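Single-letter residue listing:
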Amino acid sequence: MDLNSYAELAVRLVNSAGTGGRDGDLLANLDGLRALVADRQHLNHGVTRNDLQALRALRAELGAFFASCAAGDGEDAADRLNALLIQHPVHPQLSGHDGQPWHVHYTDSGSVADKYAAGAAMGLAVRLTDLGIERFGSCQAPGCTGVYIDTGAGKTRRYCSELCMNRANLSALCAARRGSAASLT
Ligand SMILES: [Zn+2]
Ligand SMILES: [Zn+2]
């Protein structure tokens, strides 16, 4: 797993609160947390109530980091991420499991929440230095608390998901229709 996919874990965690129109908070209970990490081999066993608590706190901290990025406040975003990097250090280990060539695992020790936090913070740091802070944003759809990392060529992304993009386009269309209907009367 490369560091970019660790950054994706950060986005996934913030968006687990239930982004626009999608079903509820995945961190409401342990089953939700299990679903959140089901596809990640290094995280998907042995989750506990402590992990749930810790990841809720981490979610709030990561959300604040994205909000600083979206506001263009690089100093604040860097301070927040630096605090997370100190609090949740990575522990790189060479691994050759399942007949794979030797590769580095960054977060093999500690609880599920420890591993999640260390990977997410390190992934974000690498992503941010690669892409620039303006690529990190908060969803513009009304009522959505989702976030995204814009990896597209055009730097045009504004929504956390296709669902939010479609919703926002639809409500803009409705507003335009209402506007033109009003001007006819
Ligand atoms: Zn591996
Ligand atoms: Zn959204």
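This text follows the structure it describes.
Residues numbered from 1 in each chain as written. Chains lettered and ligands numbered in written order. Predicted model: local features only at pLDDT ≥ 70, side-chain atom pairs only at ≥ 80, totals over all residues. Heavy atoms only, no water.

(A) Broad picture of the packing of helix α1 (residues 3-15) against helix α5 (residues 112-131). The contact between α1 and α5 brings their axes to 7 Å, and the two run at 110°. The orientation of α1 relative to α5 falls into the category roughly perpendicular. Relative to α5, the crossing made by α1 is left-handed. For the pair α1 and α5, the contacting residues are L3, N4, Y6, A7, L9, A10, R12 and L13 in the first and Y116, G119, A120, M122, G123, L124, V126, R127 and D130 in the second. Of the residues belonging to the contact of α1 with α5, the class tally is eleven nonpolar, three polar and three charged. (Axes fitted to C-alpha atoms, helices over the stretch in contact; angles between N-to-C directions. Helix = DSSP H or I, 4+ residues; strand = E, 2+ residues; numbered from the N terminus. Parallel < 35°, antiparallel > 145°, perpendicular 65-115°, else oblique. Left-handed = near helix turned anticlockwise from the far one by under 90°. Contact = heavy atoms within 4.5 Å. Nonpolar A, V, L, I, M, F, W, Y, C, P; charged D, E, K, R; others polar.)

(B) Representation of the coordination of the zinc ion (ligand 2). Within the protein, the atoms that donate to the zinc ion (ligand 2) are C139 (SG), C144 (SG), C160 (SG) and C164 (SG), at distances of 2.3 to 2.4 Å. Sequence positions of the residues that donate to the zinc ion (ligand 2) give the spacing C-x4-C-x15-C-x3-C. Note that C139 is positioned in the loop between β3 (136-138) and β4 (147-149) and C160 in the loop between β4 and α6 (162-184), a separation of 21 residues in sequence. With a relative accessible area of 7%, C139 lands in the buried category. The exposure class of C160 is buried, given its relative accessible area of 9%. (Donors = N, O, S within 2.8 Å, 3.2 Å for Na, K, Ca; no water. Buried < 20%, exposed > 50% of the residue type's maximum accessible area, 1.4 Å probe, protein only.)

(C) Examining the coordination of the zinc ion (ligand 1) more closely. Taken together, the protein ligands of the zinc ion (ligand 1) are H97 (NE2), H103 (NE2) and H105 (NE2), with distances of 1.9 to 2.1 Å. Binding-site remark: the zinc ion (ligand 1) is held by donors from one chain whose sequence spacing is H-x5-H-x1-H. In terms of burial, H103 and H105 fall into one category: buried.

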